[in-house]
Amino acid sequence: MGILIIFLACLVAMLLSVPAASHAGLATWFSIASASTAFVAMAVNQYLATRPTYVEPLFGGLDRIYRAHKWTGIVALGLILAHYVITPNFKGKLLTTGLNDLARLFGEIGFYGLMVLGGISVSKRLPRIAREFPYHLWRQLHRFIGVFFIAIAIHFNFIKRPFDGTAWLAIYLNVFAAIGIASYIQTQLRALLRRRRYRVVEVDRAGSATLITAEPVGRGIRAAPGQFAFIAAHRPGLREAHPFTIAGHDTGPDGVTRLTFVVKPLGDFTRRLRERIAPGDTLMVEGGYGRFSARRGGERQLWVAGGIGVTPFLAMARSMADLAGKKIHLVYCVRDAGEAIGLAHLDEARKHPQFSYTLHSSAIDGRVSPEVMKAGAGFDLDGADLWYCGPAAMRQAIVKGFRDSGVKLARVEFERFEFR
Ligand SMILES: Cc1cc2nc3c(=O)[nH]c(=O)nc-3n(C[C@H](O)[C@H](O)[C@H](O)COP(=O)(O)OP(=O)(O)OC[C@H]3O[C@@H](n4cnc5c(N)ncnc54)[C@H](O)[C@@H]3O)c2cc1C
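Residues numbered from 1 in each chain as written. Predicted model: local features only at pLDDT ≥ 70, side-chain atom pairs only at ≥ 80, totals over all residues. Heavy atoms only, no water.

S.K.: Lay out helix 8 (residues 168-194) with the relevant residues and their values.
M.R.: Helix geometry: helix 8 is bent most strongly at Gln188, by close to 55°. Taken as a whole, helix 8 has its buried residues at Leu169, Ala170, Tyr172, Leu173, Phe176, Ala177, Gly180, Ser183, Tyr184, Thr187 and Arg190. Residues of helix 8 that are buried sit in contact with helix 1 (2-21), helix 2 (26-48), helix 7 (145-158) and strand 6 (282-289). (Bend = angle between axes of the 7 residues up to and from the residue. Helix = DSSP H or I, 4+ residues; strand = E, 2+ residues; numbered from the N terminus. Buried < 20%, exposed > 50% of the residue type's maximum accessible area, 1.4 Å probe, protein only. Contact = heavy atoms within 4.5 Å.)

Structural data, given as structure tokens:
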């Protein structure tokens, strides 16, 4: 649904360019239509970067919003290139010359800036280059896309063009200019507006992961079990916010809700977090985000966790009372039993007759198969939901396994631990 709305917003720009620019010739119209559509796509792109929680249902979660953000960016880049290559011919329709020259300059600044930053973002995904461009550097540079968007808005308003400011196209684009600029400002101020201050109360450096528990200093975030938050700490090397699922929301007798994050040390940030974070540290938390909530699911649910992908299930298992009326079985896949996290919470959840779980160790039991999952669940998986969090390849293998064995799943919901 979200993608359809973006498509329609872009289509309207293209349609409005017909009365506004078609009299200037086909090439000029095409160039203006490309630029107008690109501009709307860029404004939407800025809006999606604000992490708008209220439109998550339209896209299916923040990870999908980020995918839409990426694709609107790529489409905008292609269209801007088309506008640049096919130079419009305005046949002498001029505004003041000085403003025109300035607008041309802003257009060039915007064009080259977007091409360089967009190029870096696209090349970052290429297998050989991915490692060479550090993520934090890319993030810092990526912020400037909003500045180039403003340059393009100035370019569009003051460049000579075959329609005036009262044309529907001009009005439409200016609405998107306002949306894009307001979104950019909001994204830059997000840290101030949405982050909540927490104090770390416990750090447990377990074998395969670091467990961090923190309590709010003042107002905490609002989050549901299964959602994630961005966290950053006031320590060198830990100031950049990273996304982690909230594996536990525990409200104590004092009424304070403490959050627990379970972090696998896989890269620079997560290793530094393990080494440096300590009780008493300030943690900045922004969330909750995401739509991975079994409350939305059917009556029979098979949950499958691969490794650290157990974190949303830990949170949901810990609030099993919210899932009354559902029958749930969790298959927790680990390489060996020593890697497993939070078994005490799963044992506690098992006291609810609606919930059961099995720990599947691939070192001993091999790959998890539909037969193993069927036997563990103890209820018919035909027509049941699959809720999955873990490596994508494992998810594909599991879905294929069910399909091949004739089990028709009602829905497959999954959380990606990456934004792509
Ligand atoms: C919705 C969601 C929930 C997650 N929940 C958990 C969890 O509960 N436990 C857990 O251990 N891991 C979780 N992750 C994964 C975790 O966020 C990454 O492992 C971590 O950010 C990698 O950082 P790094 O510097 O240690 O690794 P690096 O090797 O430096 O980065 C690896 C990749 O992680 C991504 N990444 C790096 N920095 C950021 C950032 N600031 N924001 C977004 N992505 C970034 C990039 O794609 C990068 O290429 C989750 C991820 C997402 C998207």
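And the narrative resumes.
S.K.: Quick rundown of the UniProt feature "domain: FAD-binding FR-type" (unreviewed entry) in the protein chain? Include the residues and the values.
M.R.: As annotated in UniProt, the feature "domain: FAD-binding FR-type" (unreviewed entry) corresponds to residues 193-295 in the numbering used here. With 11% helix and 47% strand, residues 193-295 has its two end C-alpha atoms placed 29 Å apart. (UniProt positions renumbered as here; feature names shortened; annotations may be inferred.)

S.K.: Describe in detail the nonpolar core, supporting the description with residues and values.
M.R.: Grouped together as the largest cluster of nonpolar side chains are 49 residues, with contacts concentrated most on Phe39, Val40, Met42, Leu114 and Phe163. If you list the elements that add at least two residues to this core, you get helix 1, helix 2, helix 4 (62-85), helix 5 (97-124), helix 7, helix 8 and strand 3 (228-233). Ranked by residue count, the leading element in this core is helix 2, at 11 residues. Per-domain counts for this core show at least three residues from each of domain 1 (2-193) and domain 2 (195-289). Sequence-distant contacts of Leu114, that is, excluding residues within four places in its chain, are made with Met42, Leu77, Ile80, Gly119, Ile145, Phe148 and Ile152. If you look at the next biggest cluster of nonpolar residues, it comprises 28 residues, including Ala247, Phe292, Ala294 and Leu330. (Core = buried A, V, L, I, M, F, W, Y, C linked by side-chain atoms within 4.5 Å. Domains from an automatic or database assignment.)

S.K.: Can you explain empty space enclosed by the protein? Please cite residues and give values.
M.R.: Enumeration over the complete set of coordinates arrives at 2 cavities of 30 Å³ or more. Of the voids in this model, the largest cavity is the one considered here, and its volume is about 60 Å³. As for the largest cavity, its lining consists of Ser208, Ala209, Lys264, Gly307, Ile308, Val310, Tyr332, Val334, Glu339 and Ile341. Each of domain 2 (195-289) and domain 3 (294-415) accounts for three or more of the residues forming the lining of the largest cavity. What the second largest cavity holds in volume is close to 50 Å³. Around the second largest cavity, the lining residues are Pro225, Ser293, Ala294, Arg295, Met316, Ser319, Asp322 and Leu323. (1 Å grid on protein atoms, 1.4 Å probe; cavity = no way out; pocket = protein on both sides within 12 Å on 5 of 7 lines; lining within 4 Å. Points joined across faces, edges and corners; volume = space filled by probe spheres on them.)

S.K.: So what's going on with the pattern of salt bridges? Residues and values would help.
M.R.: Overall, the coordinates contain 16 salt bridges when judged by the stated rule. Residue Asp63 is joined to Arg64 by a salt bridge in which the shortest nitrogen-to-oxygen separation is 2.9 Å. For Arg64, a relative accessible area of 22% corresponds to the partly exposed category. Between Asp63 and Arg416 there is a salt bridge, with the nearest N and O atoms lying 3.4 Å from each other. A residue pair is termed long-range when its members are at least 10 positions apart, and Asp63 in helix 4 and Arg416 in the segment after strand 11 (411-415) qualify at 353 residues. A residue is classified by how much of its surface remains accessible, and Asp63, at 3% relative accessible area, is buried. Each of Arg51, Arg190, Arg194 and Glu286 takes part in a single network of salt bridges with overlapping partners. (Salt bridge = Lys/Arg side-chain N within 4 Å of Asp/Glu carboxyl O.)

S.K.: Any details on the confidence of the model for the protein chain? Residues and values, ideally.
M.R.: For the protein chain, per-residue confidence averages 91 on the pLDDT scale, and residues scoring 70 or more make up 96% of the total. Within the protein chain, strand 2 (residues 210-216) carries the highest mean pLDDT (97), whereas helix 6 (residues 135-142) carries the lowest (84). (pLDDT = per-residue confidence, 0-100.)

S.K.: Explain the domain arrangement of the protein chain residue by residue, including any values.
M.R.: As far as domains go, the protein chain holds domain 1 (2-193), domain 2 (195-289) and domain 3 (294-415). Distance from the C-alpha centre of domain 1 to the C-alpha centre of domain 3: 42 Å.

S.K.: Residues and numbers for the packing of aromatic side chains, please.
M.R.: Two aromatic rings, taken as a pair, are described by how far apart their centres are and by the angle between their planes. Evaluation of the coordinates by the stated rule reveals 16 aromatic pairs. Geometrically, the ring pair formed by Phe355 and Tyr357 is stacked, given 6.5 Å between the ring centres and 25° between the ring planes. Of the residues examined, Phe355 reaches a relative accessible area of 2% and is grouped as buried. One aromatic cluster is present, built from ring pairs that chain together Phe292, Trp303, Phe313, Phe355, Tyr357 and Trp387. (Phe/Tyr/Trp six-rings, centres within 6.5 Å; stacked < 30°, edge-to-face > 60°.)

S.K.: Lay out helix 14 (residues 392-404) in plain terms, naming residues and giving numbers.
M.R.: In a regular helix each residue adds 1.5 Å, so 13 residues correspond to 18 Å; helix 14 covers 18 Å between its end C-alpha atoms and thus fits that length. Buried within helix 14 are the following residues: Arg395, Ile398, Gly401 and Phe402. Seen along its axis, helix 14 keeps its buried residues to an arc of 125°; they face one direction. Counted as exposed and oriented over 90 degrees from the buried face of helix 14: Ala393, Gln396, Arg403 and Asp404. On the buried face of helix 14, the contacting elements are strand 7 (300-306), helix 13 (370-377), strand 10 (385-389) and strand 11. Where helix 14 terminates, the next one or two residues include Gly406, which has phi positive at roughly 80°. (Expected span 1.5 Å × (residues − 1). Arc of directions from axis to C-beta.)

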